[in-house]
Amino acid sequence: MNTSGDPAQIGPEGCRGTMSAEEDARWLRWVTQQFKTIAGEDGEISLQEFKSALHVKESFFAERFFALFDSDRSGTITLQELQEALALLIHGSPMDKLKFLFQVYDIDGSGSIDPDELRTVLQSCLRESAISLPDEKLDQLTLALFESADTDGNGAITFEELRDELQRFPGVMENLTIRAAIFIASTSCSVCRINSRAASWLMAPAPHPRPHRPRQLTRAYWHNHRSQLFCLAAYAGLHVLLFALAAAHRHLGASVMVAKGCGQCLNFDCSFIAVLMLRRCLTWLRATWLAQVLPLDQNIQFHQLMGYVVVGLSLVHTVAHIVNFALQAQAEASPFQFWELLLTTRPGIGWVHGSASPTGVALLLLLLLMFICSSSCVRRSGHFEVFYWTHLSYLLMWLLLIFHGPNFWKWLLVPGILFFLEKAIGLAVSRMAAVCIMEVNLLPSKVTHLLIKRPPFFHYRPGDYLYLNIPTIARYEWHPFTISSAPEQKDTIWLHIRSQGQWTNRLYESFKVSDPLGCGSKRLSRSVTMRKSQRLSKGSRILLENHQFCNIKCYIDGPYGTPTRRIFASEHAVLIGAGIGITPFASILQSIMYRHQKRKHTCPNCQHSWIKGVQDNMKLQKVDFIWINRDQRSFEWFVSLLTKLEMDQAQETQHDRFLELHMYMTSALGKNDMKAIGLQMALDLLANKEKKDSITGLQTRTQPGRPDWSKVFQKVAAEKKGKVQVFFCGSPALAKVLKGHCEKFSFRFFQENF
């Protein structure tokens with residue numbers, strides 16, 4: 001949306017009632033312009049136009065705002081009424097702004113807020129924050145806030161009582177004072193709000209500022225990227241050396257020198273590029289000291305980089321040969337024409353029947369096809385199979401390269417042996433014995449929870465992932481998924497799979513049908529279960545409908561290591577999961593608590609507890625787990641696990657807790673938004689009373705909105721529990737934000753990749 005010309009440049013101080021005359025005039029002109037855009041030809045804003053412009057989920061707040069702005073009760077808002085209301089809210093005192101809030105809550109205008117009015121407001125707050133709670137819980141929230149505010153016990157909340165109640169919550173009165181009310185109305189073509197963080201009382205919380213972007217090659221940047229920079233420097237130096245050695249033939253001409261130099265570099269790149277995808281070898285390397293030196297976590301990024309380099313060098317190599325062929329064809333002594341040199345074996349160029357030219361053309365076409373089909377627009381647009389099958393042409397490329405270049409087979413010998421050994425071992429292990437899916441749970445947001453029978457030979461570490469093949473879904477497709485169960489869980493392997501592509505959607509939909517594939521062999525048992533479910537409550541019946549026992553054959557390949565293996569060598573680990581990004585941390589958290597309980601000993605007489613060293617290679621002193629979800633239902637994926645983790649620490653004080661949980665719900669509005677002030681206060685009061693959160697049922701209070709990462713990392717740094725390492729699994733956009741903050745605080749940052 002275009003905000004040019006709006007008064008965003010006024011600054012926060014201008015919204016605290018200290019606007020200069022010039023700024024005030026600019027602001028009034030801007031309000032007038034936006035009013036005309038929304039009001040149209042009649043010069044007045046109707047309730048429907050106000051609702052459309054306000055973009056609130058719940059019409060209650062739009063109607064209350066409209067009623068308060070419409071001072072003459074004419075049913076429309078004039079420009080003068082709008083300017084007067086905004087002037088009061090911007091230039092008025094804190095009490096003026098608080099009175100506006102009170103009038104929003106005082107629906108009948110009686111001068112006090114009764115329990116039914118408060119319940120109506122809180123119900124609208126819940127809808128505005130996309131929170132669903134039963135009526136009984138809503139009643140409890142209403143009574144908690146009402147009883148706390150109604151200090152004289154007369155059955156109504158006065159303005160003074162609401163003011164006193166707000167003052168009990170740190171930051172609320174401050175936000176009401178600083179975040180002056182600005183008329184938020186936007187249409188598809190314009191914005192009617194001031195984009196200042198200090199001017200957002202009536203509007204949704206302002207976007208976070210841009211993350212800290214450190215200067216390149218600063219101490220913090222080097223601290224987080226030294227292994228990558230070292231490998232990039234070594235990679236570039238090796239290419240310069242190979243090019244120089246191969247191009248040392250001045251008598252052959254410049255074009256031949258360039259072609260030979262690029263060809264030698266391509267010998268290395270086309271053979272070594274496969275080594276970067278040897279997952280078993282990389283998993284083995286993670287357990288050695290080389291994991292501290294080599295950037296094993298960036299293997300995919302280096303693989304992609306080498307792919308770009310191969311394409312670039314191939315194009316230069318081809319152009320150099322074309323120039324050389326053109327010069328040869330123009331020579332009087334040349335017996336061959338240009339097209340013969342380029343496309344046929346007649347000139348005898350190459351070590352296998354003169355096949356260098358035609359194989360070179362075939363290689364270039366095949367390489368360009370792979371390059372195009374590997375682009376993100378193909379892979380992420382529901383055409384993964386195109387990427388997968390065209391990428392398998394690397395075998396044909398290697399064969400053509402052997403015929404094309406006389407020395408390529410020497411470069412390919414060692415990487416090729418490693419590659420085919422890994423593939424052979426993986427194929428043998430995965431097909432040695434089929435395993436079966438024993439249970440399926442369909443969770444909110446189209447997440448499929450699979451319980452797979454664990455093979456006796458399958459040994460993995462927390463945070464590892466595997467490749468899964470289900471022939472009934474797709475016979476030849478293998479997809480990577482993080483293992484969400486702990487290694488200490490001996491009988492089953494857990495996978496939580498979110499439906500985001502064709503294969504995952506087919507998996508979810510196959511279990512939604514009444515008789516999914518492979519689940520029909522025990523119809524009698526299922527019939528008994530169905531009869532029992534008829535005698536259960538509604539919630540229990542829904543649970544059974546989404547839970548199925550089955551016996552579906554599948555194959556697994558793995559396990560493979562990830563950056564999260566470093567967690568146990570950390571001193572203070574910060575685990576950040578966004579949405580389904582919690583899956584690697586589910587396994588890790590279970591294993592961490594298992595090891596922590598194993599190290600903890602308690603005296604049976606005095607109940608004194610202490611930590612005794614155990615040979616488990618775990619250096620952890622503190623773990624902070626941060627889970628960010630868009631909506632309420634997403635917390636249901638692992639709420640039982642998190643509840644168990646909290647119970648394991650029930651006897652410890654808040655200061656001594658080894659694991660600290662932090663929950664954030666981005667769709668919920670915070671205390672700095674007028675549409676949620678009452679709700680968040682009620683949630684705090686009820687959480688303190690019941691010792692559990694009303695949204696998740698955990699002891700940890702779910703925070704509304706997104707984390708303030710500066711404050712989060714400041715708190716982590718202040719705890720001084722040892723060197724901090726941050727592990728993240730989620731969207732790339734959030735990864736960039738976190739990476740910038742980590743470099744600011746000199747924290748090591750690791751991101752989960754496949």
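Residues numbered from 1 in each chain as written. Predicted model: local features only at pLDDT ≥ 70, side-chain atom pairs only at ≥ 80, totals over all residues. Heavy atoms only, no water.

A. Quick peek at the pattern of salt bridges. All told, the structure shown has 17 salt bridges when counted by the stated rule. The residue Arg-286 makes a salt bridge to Asp-297 at a minimum N-O spacing of 2.6 Å. Of the two residues, Arg-286 is situated in helix α12 (residues 279-286) and Asp-297 in the loop between α12 and α13 (299-330); the sequence distance between them amounts to 11 residues. The exposure classification of Arg-286 matches that of Asp-297, with both residues buried. The partner of Glu-660 in a salt bridge is Lys-622, and the shortest N-O contact between them spans 3.0 Å. Taken together, the residues span a long stretch of sequence, with Glu-660 in strand β15 (residues 659-665) and Lys-622 in strand β14 (residues 622-629) at a distance of 38 residues. Each member of the pair Glu-660 and Lys-622 is classed as buried. (Salt bridge = Lys/Arg side-chain N within 4 Å of Asp/Glu carboxyl O. Helix = DSSP H or I, 4+ residues; strand = E, 2+ residues; numbered from the N terminus. Buried < 20%, exposed > 50% of the residue type's maximum accessible area, 1.4 Å probe, protein only.)

B. Structural context of the packing of aromatic side chains. Under the defined criterion, the tally for this structure stands at 26 aromatic pairs. On the basis of an interplanar angle of 50 degrees and a centroid distance of 5.7 Å, the ring pair of Phe-458 and Tyr-460 is categorised as tilted. Seen from their ring centres, Tyr-467 and Tyr-560 are 6.0 Å apart, and the 80 degrees between their planes marks the pair as edge-to-face. You can see Tyr-467 sitting in strand β7 (residues 465-469) and its partner Tyr-560 sitting in strand β10 (residues 547-560), a full 93 residues away along the chain. (Phe/Tyr/Trp six-rings, centres within 6.5 Å; stacked < 30°, edge-to-face > 60°.)

C. Inspection of the sheet that holds strand β17 (residues 724-729) at higher detail. On the basis of which strands lie adjacent, the open sheet formed by 6 strands has the order β16-β15-β14-β11-β17-β18 and parallel pairing. In this open sheet, the two edge strands, each paired with only one partner strand, are β16 (702-704) and β18 (748-751). Between one strand axis and the next, the sheet turns through 20 degrees on average, direction left out of account. The sheet contacts of helix α24 (residues 639-648) involve β14 and β15, and relative to β15 the element is tilted by about 145 degrees. (Pairing = 2+ DSSP bridges. Axes fitted to C-alpha atoms, helices over the stretch in contact; angles between N-to-C directions. Contact = heavy atoms within 4.5 Å.)

D. Representation of helix α15 (residues 356-373) in the model. With 18 residues, α15 extends 25 Å between its outermost C-alpha atoms, agreeing within 8% with the 26 Å of an ideal straight helix rising 1.5 Å per residue. Among the residues of α15, Ala-356, Ser-357, Thr-359, Leu-363, Leu-364, Leu-366, Leu-367, Met-370 and Cys-373 are the ones counted as buried. Close packing links the buried residues of α15 with α13, α14 (338-343), α16 (376-379), α17 (384-391) and α18 (394-404). (Expected span 1.5 Å × (residues − 1).)

E. The environment of Leu-313, seen in detail. Along the polypeptide, Leu-313 turns up in helix α13. If near-sequence neighbours (up to four positions away) are discounted, Leu-313 is found in contact with His-239, Cys-262, Cys-265, Leu-266 and Asp-269.

F. Inspection of the UniProt feature "transmembrane region" (unreviewed entry) in the chain at higher detail. In the numbering adopted here, UniProt assigns the feature "transmembrane region" (unreviewed entry) to residues 229-248, 254-278, 305-329, 349-374, 386-404 and 573-594. Measuring from the first to the last C-alpha atom of residues 254-278 gives 38 Å, for a span that is 76% helix and 0% strand. Between the end C-alpha atoms of residues 349-374 the distance is 32 Å, and the span holds 69% helix and 0% strand. (UniProt positions renumbered as here; feature names shortened; annotations may be inferred.)

G. Structural view of the nonpolar core. Counting 87 residues, the largest nonpolar core has Phe-69, Ile-567, Leu-575, Phe-625, Trp-627 and Leu-642 as its most contacted members. A total of 7 residues in this core trace back to one element, the largest contributor, which is helix α25 (residues 677-690). The residue makeup of this core includes at least three contributed by each of domain 1 (21-185) and domain 4 (563-667 + 705-752). Once you skip the residues sitting within four places of it in the chain, Leu-642 turns out to touch Leu-589, Phe-625, Trp-627, Leu-661, Met-663 and Leu-698. (Core = buried A, V, L, I, M, F, W, Y, C linked by side-chain atoms within 4.5 Å. Domains from an automatic or database assignment.)

H. Structural context of the packing of helix α11 (residues 254-272) against α13. The N-to-C vectors of α11 and α13 enclose an angle of 150 degrees; their axes lie 8 Å apart at closest approach. As far as their axial angle goes, α13 and α11 are roughly antiparallel. Considering the relative orientation of α11 and α13, their crossing is left-handed. Contact with α11, carried on its side by Ser-255, Val-256, Val-258, Ala-259, Cys-262, Gly-263, Cys-265, Leu-266, Phe-268, Asp-269, Cys-270 and Phe-272, involves Met-306, Val-309, Val-310, Leu-313, Ser-314, Val-316, His-317, Ala-320, His-321, Val-323 and Asn-324 of α13 and no other residues of that element. Here the residues of the contact of α11 with α13 sort into 16 nonpolar, 6 polar and 1 charged. (Parallel < 35°, antiparallel > 145°, perpendicular 65-115°, else oblique. Left-handed = near helix turned anticlockwise from the far one by under 90°. Nonpolar A, V, L, I, M, F, W, Y, C, P; charged D, E, K, R; others polar.)

I. Main features of the state of the cysteines. If you walk through the whole model with that rule in mind, you get 0 disulfides. With no disulfide partner, Cys-554 has as its closest neighbouring cysteine sulfur the one in Cys-436, 7.1 Å distant. (Disulfide = S-S within 2.5 Å.)

J. Molecular detail of a nonpolar patch on the surface. A cluster of nonpolar side chains, contributed by Trp-351, Trp-409, Leu-413, Val-414, Ile-417, Leu-418, Leu-421 and Ile-425, occupies part of the molecular surface with about 780 Å² of accessible area. On the basis of relative accessibility, which here comes to 46%, the residue Leu-413 falls in the partly exposed class. (Patch = residues over 30% accessible without salt bridge, like charges linked within 9 Å, V, L, I, M, F, W, Y side chains within 5 Å. Areas by Shrake-Rupley, 256 points an atom, 1.4 Å probe, with all protein chains shown as cover.)

K. Representation of the sheet that holds β10 in the model. Ordered in space as β8-β7-β10-β5-β6-β9, the 6 strands form an open sheet in which the pairing is antiparallel. Every other strand in the sheet has two partners, leaving β8 (479-482) and β9 (492-498) as the edge strands with one partner each. Neighbour-to-neighbour, the strand axes of the sheet open up by a mean angle of 40 degrees, direction not taken into account. Strand direction decides the pairing type here: strand β5 (residues 435-443) and β10, joined by 6 bridges, are antiparallel. Residue pairing in the sheet places Val-435 in a bridge with Cys-554 of β10. Sitting on the sheet, α12 is in contact with β7 and β10, with an inclination near 75 degrees to β10. Contacts between helix α20 (residues 502-512) and the sheet are confined to β5, β6 (447-453), β7, β8, β9 and β10, with β6 contributing the most and set at about 80 degrees to the helix.

L. Summary view of the environment of Leu-88. Along the polypeptide, Leu-88 turns up in helix α4 (residues 79-91). Leu-88 sits 12 residues away from Phe-100 along the chain, and the two C-alpha atoms are 9.6 Å apart.

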